[in-house]
Amino acid sequence: MRLVIGLAFVLLAGVFQGSFILPMTLTRKWEWEHSWAVFSLLGMLVFNWAIGAAVLPGLPAAIRMTDPAGIYALLLFGACWGVGAILFGLGMKRLGMAVGYPVIMGLILSVGALIPLVQSGAGQLTTAPGVLLLAGTLIVLSGIILCSRAAGSNTSNDTERPPFVAGAGLTIALFAGIFSSLPNIGLNNAARLTESATRLGAAPELAGNAAWVVQFTAGFVVNFVYCAILMVRRRNAAFILHHAPRNLSLVAGMALMWILSFYLYGLGATLMGRWGPIIGWPVFISLAILVGNLWGLWRGEWKSASPSARARLSRGLLVILGALVLFGLGSALR
C-alpha cells in the first residue's frame, strides 16, 4: 500500500512539474529575467522555506547538527543545479514547451535515475527493476533524439525562437538536463541530514525533504544573481512594475507548483523505499515531459509546423510514453 500511495504522490508531482512553466508564458511586458527572478525568489526561497518549516519541525537545528561536510555537499549540488535551472529557463524560451520538456526533462530523467542506481550497487543493474530502468532510459534517449530532430525541422513562427536557433537551444538543453538532475542525486546522498531531521521529530516519510531546502537555497542565489545582472546590463529593472499584480500572481502560481512538485516527489519517493529515487524519479520526469508537451501543443507552438515535423514529434512522445510504462513495471516489480 505504501508503494501505491507513494506512486500516486509521484504522479501528482509530475503533473505539477510539467505545468509550472505555463504561467510564465502568460505574463505581459516582462522579459525572461523578470519572471525568472521572481520565480526564484518565491519558489526557491520563500515557499521552499515556508513549506520546509511547516513539515519539518526544528529544520534550522537539523541543519546545524548535521555534519558540515554533508551540508556543503548539498550546497554544491544546489549551486550546480542553479546553473542548470538557468539553462532550463533559457532552453524552454528557445525551444518552447512542446520540445523543451521532452529534451531537457528526458536528460534530467536519465542522469538523475542512473547515478543513484549505480550508487546503490553494481548488482542492482542486473535485477528486474534495474534492467527495466536501463531499458527505459535507453528508450527515453531515443525519444529525445526524435523530438530533437522534430525541433530542427520545425519552421513554425508561433514561438519566440526563429528556426536557426534550434541548434543553440538543443545545446543549452543538453547542459540544462545534466545539471538539473543533481537534486535527485543530492536527495540520494542526504542520509545524514534526513537522520537529523528525524531525530528532531520530522515524520520519516517527510524528513528527506530537508535536502530540498538546502539545495534550492543555494540554487536561488545563483539564479537571482544572474537575473539581477541581466536586468542591470539591459537597464530594464523598472519593467518589473508593468502589470505587476497580474504577473506576480501568475509567477507565484508557477513557483508554488514547482516547489510542491519536489516536496510531493520527495514524499512519494520515501514511501516507495530504497527504489524511490531510482524508479520514482523516471516516473516523475516522464509524466512531466508528457504534460509539458501537451501544454505546448495547446498553446499552438506547432500548429504551423510541417506534417513531417509533427509526425516526428508524435513518434518521440510515443516512445517516451512507452518508457514510462517500463518504469511503472519496474516500480511494480520492486
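The model shown is predicted, which means the values in this text are computed figures rather than measured ones.

## Side note on the packing of helix α4 (residues 68-95) against helix α11 (residues 210-234)
Helix-helix packing: each pair is described by the crossing angle between the helix axes and the interaxial distance.
And step 1. At a minimum axis separation of 7 Å, α4 and α11 run at an interaxial angle of 50°. The angle between α4 and α11 places the two elements in the oblique class. Every pair of crossing elements has a handedness; the one defined by α4 and α11 is right-handed. Residues I71, L74, L75, F77, G78, A79, W81, G82, V83, A85, I86 and L90 of α4 form the contact with α11, whose participating residues are A211, V214, Q215, F216, A218, G219, V222, N223 and Y226.
And step 2. Of the residues contributing to the contact of α4 with α11, the split by class is 16 nonpolar, 5 polar and no charged.

## Section: the packing of helix α1 (residues 2-19) against helix α12 (residues 244-271)
And step 1. The contact between α1 and α12 brings their axes to 7 Å, and the two run at 160°. Taken together, the axes of α1 and α12 lie roughly antiparallel to each other. For α1 against α12, the interelement crossing comes out left-handed. From α1, R2, L3, I5, G6, F9, V10, L12, A13, F16, Q17 and S19 reach across to α12, where they touch M257, W258, L260, S261, F262, L264, Y265, L267, G268, A269, T270 and L271.
And step 2. Its residues placed into classes, the contact of α1 with α12 shows 16 nonpolar, 6 polar and 1 charged.

## Thoughts on the nonpolar core
And step 1. With 87 residues, the main nonpolar core has I21, W36, F39, F88, W258 and Y265 as its most contacted residues.
And step 2. Those residues in contact with F39 that lie beyond four places of it in its chain are F20, M44, V251, M254, A255 and W258.

## Digging into a nonpolar patch on the surface
And step 1. There is a patch of nonpolar side chains on the surface, built from M1, V4 and I5 and spanning about 340 Å² of accessible area.
And step 2. With respect to the secondary-structure elements, V4 resides in helix α1.
And step 3. Exposure remark for V4: the relative accessible area of 56% places this residue in the exposed category.

## Some words on helix α2 (residues 32-55)
And step 1. With 24 residues, α2 should cover 34 Å at 1.5 Å per step; its first-to-last C-alpha distance of 32 Å lies within 8% of that length.
And step 2. At N48, α2 is bent by approximately 35°, the largest bend along its length.

## Here's the deal with empty space enclosed by the protein
Empty space among the atoms can be located by rolling a probe the size of a water molecule over them.
And step 1. For the structure on display, the rule yields 2 cavities of 30 Å³ or more.
And step 2. Reported here for the largest cavity is a volume of approximately 150 Å³.
And step 3. For the lining of the largest cavity, the secondary structure elements donating two or more residues are α2, α4, α5 (97-119), α12 and α13 (276-298).
And step 4. Residues belonging to the lining of the largest cavity are distributed by class as follows: 14 nonpolar, 2 polar and no charged.
And step 5. A volume near 40 Å³ is recorded for the second largest cavity.
And step 6. As for the second largest cavity, its lining consists of T66, G70, I71, L74, N189, A190, A191, R192 and L193.
And step 7. Those elements giving two or more residues to the lining of the second largest cavity turn out to be α4 and α9 (191-199).
And step 8. Class assignment of the residues belonging to the lining of the second largest cavity gives a composition of 5 nonpolar, 3 polar and 1 charged.

## Side note on the confidence of the model for the chain
And step 1. Summarising the model, the chain shows a mean pLDDT of 82, and 87% of its residues fall at 70 or more.
And step 2. The least confident element of the chain, judged by mean pLDDT, is α5 at 70; the most confident is α2 at 95.
And step 3. Across residues 157-165 the pLDDT falls below 50, and counting only partners more than four positions away or on other chains, this stretch makes 15 contacts in the model.

## Observations concerning the pattern of salt bridges
And step 1. Under the definition given, this model contains 2 salt bridges.
And step 2. One salt bridge connects R234 with E33, and the closest N-O pair in it is separated by 2.8 Å. Residue R234 is found in helix α11, and its partner E33 is found in helix α2; the two are separated by 201 residues along the sequence.
And step 3. The partner of D67 in a salt bridge is R192, with the nearest N and O atoms 2.7 Å apart. Of the two residues, D67 sits in the loop between α3 (59-65) and α4 while R192 sits in helix α9, which places them 125 residues apart along the sequence.

What counts as what
Residues numbered from 1 in each chain as written. Predicted model: local features only at pLDDT ≥ 70, side-chain atom pairs only at ≥ 80, totals over all residues. Heavy atoms only, no water. Axes fitted to C-alpha atoms, helices over the stretch in contact; angles between N-to-C directions. Helix = DSSP H or I, 4+ residues; strand = E, 2+ residues; numbered from the N terminus. Parallel < 35°, antiparallel > 145°, perpendicular 65-115°, else oblique. Left-handed = near helix turned anticlockwise from the far one by under 90°. Contact = heavy atoms within 4.5 Å. Nonpolar A, V, L, I, M, F, W, Y, C, P; charged D, E, K, R; others polar. Core = buried A, V, L, I, M, F, W, Y, C linked by side-chain atoms within 4.5 Å. Buried < 20%, exposed > 50% of the residue type's maximum accessible area, 1.4 Å probe, protein only. Patch = residues over 30% accessible without salt bridge, like charges linked within 9 Å, V, L, I, M, F, W, Y side chains within 5 Å. Areas by Shrake-Rupley, 256 points an atom, 1.4 Å probe, with all protein chains shown as cover. Salt bridge = Lys/Arg side-chain N within 4 Å of Asp/Glu carboxyl O. Expected span 1.5 Å × (residues − 1). Bend = angle between axes of the 7 residues up to and from the residue. 1 Å grid on protein atoms, 1.4 Å probe; cavity = no way out; pocket = protein on both sides within 12 Å on 5 of 7 lines; lining within 4 Å. Points joined across faces, edges and corners; volume = space filled by probe spheres on them. pLDDT = per-residue confidence, 0-100.

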